Structures are given as structure tokens and as C-alpha cells.
Amino acid sequence: ARGVFAALPEDRRALARRIEQGYTGDPAAIRSLKQPTLILWGGRDRLLPPENGQRFAKDIASSRLVVFDDLGHVPQEEDPARTVAEVRGFLKQP
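Residues numbered from 1 in each chain as written. Predicted model: local features only at pLDDT ≥ 70, side-chain atom pairs only at ≥ 80, totals over all residues. Heavy atoms only, no water.

### Observations concerning the pattern of salt bridges
Point 1. Summed over the entire model, instances satisfying the criterion amount to four salt bridges.
Point 2. Close ionic contact of D70 with R82 constitutes a salt bridge, the shortest N to O distance being 3.0 Å. Here R82 lies in helix 5 (residues 80-92) and D70 lies in the loop between strand 2 (63-68) and helix 4 (75-78), a separation of twelve residues in the sequence.
Point 3. Residue class for D70 comes out partly exposed when judged on its relative accessible area of 41%.
Point 4. One salt bridge connects D79 with R82, and the closest N-O pair in it is separated by 2.9 Å.
Point 5. Classification of R82 as partly exposed rests on a relative accessible area of 30%.
Point 6. Several salt bridges share partner residues, and in doing so they unite D70, D79 and R82 into one network. (Salt bridge = Lys/Arg side-chain N within 4 Å of Asp/Glu carboxyl O. Helix = DSSP H or I, 4+ residues; strand = E, 2+ residues; numbered from the N terminus. Buried < 20%, exposed > 50% of the residue type's maximum accessible area, 1.4 Å probe, protein only.)

### Remarks on helix 1 (residues 9-21)
Point 1. With 13 residues, helix 1 should cover 18 Å at 1.5 Å per step; its first-to-last C-alpha distance of 19 Å lies within 8% of that length.
Point 2. Just beyond helix 1, the residue with positive phi is G22, at close to 75 degrees. (Expected span 1.5 Å × (residues − 1).)

### Here's the deal with the environment of F90
Point 1. Looking at the secondary structure, you find F90 in helix 5.
Point 2. Accessibility expressed as a relative area gives 13% for F90, which makes it buried.
Point 3. C-alpha separation for the pair F90 and L38, spaced 52 residues apart in sequence, amounts to 7.0 Å.
Point 4. Residue contacts for F90: discarding those within four places in its chain leaves P36, T37, L38 and R64. (Contact = heavy atoms within 4.5 Å.)

### Re the pairing of strand 1 (residues 37-42)
The side chains of a regular strand alternate, first on one face of the sheet and then on the other.
Point 1. With five of its six residues buried, strand 1 lies for the most part within the structure.
Point 2. In this sheet, strand 2 lies alongside strand 1 in parallel orientation, the contact comprising six bridges. Opposite I39, over in strand 2, you have L65 as the bridge partner.
Point 3. Read from strand 1 through helix 3 (residues 50-59) to strand 2, the crossover connection turns out right-handed. (Pairing = 2+ DSSP bridges. Right-handed = clockwise from strand over helix to strand, strands pointing away.)

### A closer look at the confidence of the model for the protein
Point 1. Averaged over every residue, the pLDDT of the protein is 87; the share at 70 or more is 89%.
Point 2. Predicted confidence in the protein is weakest over helix 1, with a mean pLDDT of 76, and strongest over strand 2, with 98. (pLDDT = per-residue confidence, 0-100.)

### So, helix 3
Point 1. Restricting attention to buried positions, one finds in helix 3 the residues P50, G53 and D59.
Point 2. Contacts from the buried residues of helix 3 go to helix 2 (27-31), strand 1 and strand 2.

### Considerations on the packing of aromatic side chains
Point 1. Taken as a whole and judged by the stated rule, the model has one aromatic pair.
Point 2. A centroid spacing of 6.0 Å and a plane angle of 50 degrees characterise the contact between W41 and F56, whose relative ring orientation is tilted. With W41 in strand 1 and F56 in helix 3, this residue pair connects regions lying 15 residues apart in the sequence.
Point 3. Taking relative accessible area as the criterion, W41 reaches 10% and is therefore assigned buried.
Point 4. We note R55 situated over the ring of F56; from NZ or CZ to the ring centre the distance is 5.2 Å. (Phe/Tyr/Trp six-rings, centres within 6.5 Å; stacked < 30°, edge-to-face > 60°. Lys NZ or Arg CZ within 6 Å of the ring centre and 35° of its normal.)

Below, the structure is given as C-alpha cells:
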């Protein structure tokens, strides 16, 4: 599925330029997160590699990473039922 944010050629070029810049925020801010965090990632993401999700999971102490090996960059659009099931399970945790 193609996300609406990159439907036009101009959008895709702008998104590509933004990704080339890399993470421009303060990495310490991510490491300071204390709240439970669910990270959903597509294993076939060609835009942002799964290693990024693994890094987030490592940097956020109370996180849980779920990688959907058969999905791409927008798993919530590619398989809404499966991603919602993960979110519901995560929200039910104490």
C-alpha cells in the first residue's frame, strides 16, 4: 500500500531528502523516555530499515518491538487487523 503522504512525486522527493538528513534530534531525548512504548516495524521496510526499530527498542528502556517480517513501511495500512491486535494487547498490559 502506498501512503497518501508520498502519493505525488514532489512528496516522495521531499521525503527522500528528509531521510537523507538522518535523525536530527537529540538521541538523549529518546533514551530518557520512561513510559511503556510499543514500536511496530515492517521487516520489509525499504524506507527505514528494521535496524532503526531495533535501535529505538534498545534506547527506550520500557519498550516492546514488534517486527512484521512480511510487511513494509506502513504496516498499519498493509495489515490493519494484525497491527491493531498488537496495539490492543499492549494497551491491556498492566
